[in-house]
Amino acid sequence: MKTRTLTTAALAALLLVTAGCSSATAGGDEADTVTIKVAATVTPMTDAVKAAAEVIEDGYEIELVPVSDYVQPNILLKNKEIDANLVQFPSFMQEFNVKNDADLVAIQPVYKTVVAFYSKTLSSLEDLPQGGSVVIPNDKANAGRALQMLADAGVITLDPNVERFAAKTDDITENPLDVTITEVGLMQLNTAYDEADAVFNLPSFARQLELTPEDDGLMVEKDKAFEVTMAARPDNQDSPEIKALTTALTSDHVRKTLTDLGVPPAF
């Protein structure tokens, strides 16, 4: 009798444990969902991330982490506080890596940036007055792009030994109009539009001023090297989460979202 009672009790306990496990599995779908944290700053970056969140495969969800500048998302990524970001093109990311002993990696181009110079008073860069003022970004990647545009327009001459898009203001060899070139942070470009004769600007910020490169740009340029690209870390670049995120960011839904915004996809 003692043996039979013990066996019955053990069986009952086993059934309870099994029932408990079955219940957790049946109701555990939500708990099993992997959240992928992705930082972005302004439209169309945020739009692309939100659109990707609507179509990402089962088992994953995307959490948009809004940030107000272009350095913080890389710091967050380096510190493993987020899983990826969509804020920059590869050369900007490499500049951050060098300055911050980081090793972030470019994963997937998402859209092309069509940059331009804008002005409230001029209709062409050829109309820049003697001693005029020009504002460009102060980060190496965008500054090099802006200076190259000025050189291509004949406003300045750059040292021919400097690689294209890599020039700094110190590499200006000729400035016949004696224009003053001021470098400011990306977030100050829109303010500079009210003050300078000509301002280099990115489409995300120009759109806030209701300006488009096609309709308002004094000079327009787009180059494959400056495609806004999703970045991740080496330790997670081949993970299932990043692969799922990449698939979502290159979906037809994201393509349509970007196209509807007038932004050319890069995939």
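None of the values given here were measured: they were computed from a predicted structure.

*Asks:* What's the story with the sheet that holds strand β12 (residues 227–232) in this structure? I'm lost.
*Replies:* The strands that make up a sheet pair up through hydrogen bonds in the backbone, lying either parallel or antiparallel. Strands sit in the order β2-β1-β3-β12-β4 across an open sheet of 5 strands; the sheet is mixed. Strand pairing shows two members of the sheet lacking a second neighbour, β2 (60–66) and β4 (105–112), which therefore form its edges. Strand-to-strand twist across the sheet, computed as the mean angle between neighbouring axes with direction ignored, equals 25°. Here 3 bridges tie strand β3 (residues 84–88) to β12, and the two strands are oriented antiparallel to one another.

*Asks:* I'm lost on the nonpolar core in this one. Help?
*Replies:* Inside soluble globular proteins, nonpolar side chains tend to come together where they are buried. F117, I136, L150 and L245 are the most contacted members of the largest nonpolar core, which totals 65 residues. Core analysis: the second largest hydrophobic core is formed by 11 residues, A39, V67, L77 and L104 among them.

*Asks:* It is not clear to me how the environment of Y118 should be interpreted in this structure. Could you clarify?
*Replies:* Considering the arrangement of structural elements, one finds Y118 in strand β5 (residues 115–118). Residues Y118 and Y193, spaced 75 residues apart in sequence, show a C-alpha to C-alpha distance of 7.4 Å. The residues touching Y118, leaving out its near neighbours within four places in the chain, are Y193, D197, A198, V199, N201, A206, L211, T212, P213, D216, G217 and L218.

Rules and cut-offs
- Residues numbered from 1 in each chain as written.
- Predicted model: local features only at pLDDT ≥ 70, side-chain atom pairs only at ≥ 80, totals over all residues.
- Heavy atoms only, no water.
- Pairing = 2+ DSSP bridges.
- Helix = DSSP H or I, 4+ residues; strand = E, 2+ residues; numbered from the N terminus.
- Axes fitted to C-alpha atoms, helices over the stretch in contact; angles between N-to-C directions.
- Core = buried A, V, L, I, M, F, W, Y, C linked by side-chain atoms within 4.5 Å.
- Buried < 20%, exposed > 50% of the residue type's maximum accessible area, 1.4 Å probe, protein only.
- Contact = heavy atoms within 4.5 Å.

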